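This is what each chain is made of:
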Amino acid sequence: MALRTPEEFRDSLRDDRTVYFQGERVRDVTVHPVLRIGVESAAVDYQIAEDPDNRHFAVVPGPDGQPSSRFFLAPRNSDDLLKRHLLIEAGSRICFGFPPFAKEGGSDALNTAALVSKKVDQQFGTGYHGRVEEFRRYLQQNDLSVAITMTDPKGDRSLRPSQQADKDLYLRMVAERRDGVVVRGAKAHITSSPYTNELFVLPCRQMTETDRDYAVAFAIPANSPGVKMIVSATAATPVRLMDHPVSSSYHIIESLVVFEDVFVPHERLFLKREWQYAGLAAHLFATYHRVTAAAYKYPFAELLVGAAKLMAEYNGLDRMSHIRDKLSWLVTYAETIRALTRAACMNPVEDRDTGMVYPDPILGNAAKFYFADNYHHCVKLVQDIAGGIVATVPSEEDYLNPETRPLLDKYLRGAADVPAEHRLRVIKLVKDLVASDMGGYWEVTSIHAEGSLAAQRLAVYGSADFPRYESAAKRAARIHDGTAGVYSGLGCWRDEESRNPKPKT
Ligand SMILES: Cc1cc2nc3c(=O)[nH]c(=O)nc-3n(C[C@H](O)[C@H](O)[C@H](O)COP(=O)(O)OP(=O)(O)OC[C@H]3O[C@@H](n4cnc5c(N)ncnc54)[C@H](O)[C@@H]3O)c2cc1C
């Protein structure tokens, strides 16, 4: 088998998985009135591969020469990362800023596991890397969807996994069998999990030896016995096309994934008690995934800029200087996200053990941090430009009612040359984006999804080349203590001691 059609993807989800939503068991997520919106969004990852405009970068030759999804290609250079970035942008643009997320997060987990498993094998003589690559072939050959299943419920955040009052608050191994292990616990906020074929589980933090039972990584089918998914309430808002032009069409949907003594066969285990590598897995996953995040967020920023500009025009205000200042800020916001994301892909770090690359950790974290840290200001400007009507606009039903429609057409119009309906539609769009259930969802998501702001700050701090920055300062301060390096020529960095004799003081 090679690439699947969207229909084959949908069919594959009718597999008796255990999904709960609003107090009921959902037997078929593909026909459920709310959950099917997430399924249709995920199906975009499959449509893209069929689309003549996108196919050339969405599809690559697979292991057996068959066409295969770019998502499952192990990145070996900046071109691979850049094309993947374009693919994520394309999917997100189709879904009005939502990533389809059938493969995006799971493939970040796959690449992370490929890097980490090689290092674990080298230290402990385990055979994990071969298993990860076998799983990669399985994903490629069957064109599966896969969710990143990483964040534990975590209980008391100040305590380590093994210190928690309830030992299941981080997912852990509870038994070993001849043919595999049994795991128990849960993973929280798992995007697309109700409609992916596989769950790729990684540890979410550094561990110590006492946490070793929690240091597990594996992949299992989403319908494995004992896996139960409880879908978030965010997805529950009733939506109408005119009132909710974005959220009625596309959505990503999360669930709490519970593992009630779930069996994981040996061939699907990629880390088993090697606690020393849990932190590296979390760090490398974040490095890949924050670039994925920034890539899918750019089309959402594009949409916000476009909505703000249209509102300014439709209100007859686009020539006012304070409005132009705000629009300039919004454009700078959007384009800086994209520039940082692309820069992270263009400056990859090569992993010598595997020949794979990952994006520059500082630039990738900076891209996600910049998006998240400024998101609420971005929303503020869009709301400011749009006006109070975003909060008080009447509903689609009133617009469809022949008694009230003429009144709305008369009193809700803005600039004389703009049809009232166009202004109303953009007001609805702005409301859906920044003043709705979805708007609130995006505000929290921008802060927490792909890790909280503090996580990006820590990653930047940990990756920063402080000796280089300090050298610049020491040079300017005329401190010659033999520890500083210098730039020579066009940006080549060299060690001060070995190559650069100290100037006489
Ligand atoms: C919409 C959405 C989609 C998501 N999708 C996925 C997904 O597909 N897969 C997945 O695995 N995860 C997913 N996540 C989870 C996401 O990665 C987490 O929300 C994020 O890592 C923050 O964890 P938390 O929500 O438990 O918040 P918390 O960890 O409780 O953070 C709350 C605050 O406490 C601080 N804090 C927490 N612990 C400490 C500590 N020990 N010391 C000091 N400060 C601390 C944080 O910095 C933050 O400021 C998603 C989240 C959202 C909102």
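What counts and what doesn't
- Residues numbered from 1 in each chain as written.
- Predicted model: local features only at pLDDT ≥ 70, side-chain atom pairs only at ≥ 80, totals over all residues.
- Helix = DSSP H or I, 4+ residues; strand = E, 2+ residues; numbered from the N terminus.
- Rg over C-alpha atoms; globule rule 2.2 N^0.38 Å.
- Contact = placed C-beta atoms within 7 Å.
- Pairing = 2+ DSSP bridges.
- Domains from an automatic or database assignment.
- Near = placed C-beta within 6 Å.
- Nonpolar A, V, L, I, M, F, W, Y, C, P; charged D, E, K, R; others polar.
- Axes fitted to C-alpha atoms, helices over the stretch in contact; angles between N-to-C directions.
- Parallel < 35°, antiparallel > 145°, perpendicular 65-115°, else oblique.
- Left-handed = near helix turned anticlockwise from the far one by under 90°.
- pLDDT = per-residue confidence, 0-100.
- Expected span 1.5 Å × (residues − 1).
- Bend = angle between axes of the 7 residues up to and from the residue.
- Buried ≥ 20, exposed ≤ 12 C-beta atoms within 10 Å, placed from the backbone.

(A) Up close: the overall build of the protein. The helix and strand inventory of the protein stands at 17 helices and 16 strands. At 25 Å, the protein has a C-alpha radius of gyration in line with the 23 Å of a compact globule built from 505 residues. Taken over the C-alpha atoms alone, the protein extends approximately 80 × 70 × 50 Å along its principal axes. At a minimum sequence separation of 6, the contacts of the protein that also span at least 24 residues come to 73%.

(B) Representation of the pairing of strand β6 (residues 172-177) within the structure. Looking at chain direction, β6 and strand β7 (residues 180-191) are connected through five bridges and run antiparallel. Considered in β7, the bridge of Arg-172 is made with Arg-184. Turn length for the β6-β7 hairpin, with the two strands adjacent in sequence and antiparallel, is two residues.

(C) Structural view of the domain arrangement of the protein. Each assigned domain of the protein is listed with its residue range as follows: domain 1 (281-463) and domain 2 (466-499). Computed from C-alpha atoms alone, the centre-to-centre distance between domain 1 and domain 2 is 40 Å.

(D) Inspection of the site of the ligand at higher detail. Inspection of the region around the ligand gives 21 residues, with Met-150, Thr-151, His-189, Thr-191 and Ala-454 positioned closest. Residue assignment for the shell around the ligand shows that the elements contributing at least two residues are β5 (146-149), β7 and α14 (437-448). It is β7 that contributes the most residues to the shell around the ligand, four residues altogether. Here the shell around the ligand is composed, by residue class, of six nonpolar, 10 polar and five charged.

(E) Up close: the sheet that holds strand β12 (residues 269-272). If you trace the four strands from one edge of the open sheet to the other, you get β5-β8-β9-β12, paired in mixed fashion. Of all strands in the sheet, those with a lone pairing partner are β5 and β12, marking the two edges. For this sheet, the mean inter-axis angle between neighbouring strands, taken without regard to orientation, is 20°. Here strand β9 (residues 216-221) runs beside β12; their pairing, made up of three bridges, is antiparallel.

(F) Examining the pairing of β7 more closely. Where β7 and strand β11 (residues 254-265) come together, nine bridges link them in antiparallel fashion. Its bridge partner lying in β11, Val-181 is registered against Val-264.

(G) Examining the packing of helix α7 (residues 278-314) against helix α8 (residues 321-346) more closely. The geometry of α7 relative to α8 is characterised by a closest axis approach of 9 Å and an angle of 165° between their N-to-C directions. Between α7 and α8, the angle is such that the two are roughly antiparallel. As for how α7 packs across α8, the hand of that crossing is left-handed. Touching Val-291, Ala-294, Ala-295, Lys-297, Tyr-298, Ala-301, Glu-302, Leu-304, Val-305, Ala-308, Lys-309 and Ala-312 of α7 are Ile-323, Leu-327, Leu-330, Val-331, Tyr-333, Ala-334, Ile-337, Arg-338, Leu-340, Thr-341, Ala-344 and Cys-345, all from α8. Tallied by class, the residues present in the contact of α7 with α8 amount to 19 nonpolar, one polar and four charged.

(H) Examining the confidence of the model for the protein more closely. When pLDDT is averaged along the protein, the result is 94, and 95% of the positions lie at 70 or above. Under a pLDDT of 50 for its full length, residues 497-505 has, in the predicted model, seven contacts with residues more than four places off or in other chains.

(I) Examining the sheet that holds strand β2 (residues 24-26) more closely. Spatially, six strands are ordered β2-β1-β10-β11-β7-β6 in an open sheet, and the strand pairing comes out mixed. Edge positions in the sheet fall to β2 and β6, since each has one partner strand and no second. Within this sheet the neighbouring strands show an average axis-to-axis angle of 20°, counted without direction. Bridge count between strand β10 (residues 227-231) and β11: five bridges; the pairing is antiparallel. Bridged to Met-229 within β11 is Val-257.

(J) Quick peek at α7. Taking 1.5 Å per residue, 37 residues should reach 54 Å; α7 reaches 53 Å between its end C-alpha atoms and fits that length. Of all the bends in α7, the largest measures some 25° and sits at Tyr-298, one to four residues before the proline Pro-299. Most of α7 sits out of view: 30 of its 37 residues are buried. Gly-316 occupies a position one or two residues after α7 and carries a positive phi of about 75°.

(K) View of unusual backbone geometry. The phi dihedral of Gln-22 is positive, around 50°, even though this residue is not glycine. For Gln-22, the location among the structural elements is in the loop between β1 (19-21) and β2. Phi is positive for His-189, close to 60°, though the residue is something other than glycine. Along the chain, His-189 turns up in strand β7. His-189 sits in the partly exposed class, given 17 other C-beta atoms within 10 Å.

(L) Layout of the packing of α8 against helix α9 (residues 361-386). Between α8 and α9, whose axes approach to 9 Å, the crossing angle comes to 160°. As the angle between them shows, α8 and α9 are arranged roughly antiparallel. Crossing handedness for the pair α8 and α9: left-handed. Where α8 approaches α9, its residues Ile-323, Lys-326, Trp-329, Leu-330, Tyr-333, Thr-336, Ile-337, Leu-340, Thr-341, Ala-343 and Ala-344 are matched on the opposing element by Leu-363, Gly-364, Ala-366, Ala-367, Tyr-370, Phe-371, Asn-374, Cys-378, Leu-381, Asp-384 and Ile-385. Class assignment of the residues belonging to the contact of α8 with α9 gives a composition of 16 nonpolar, four polar and two charged.

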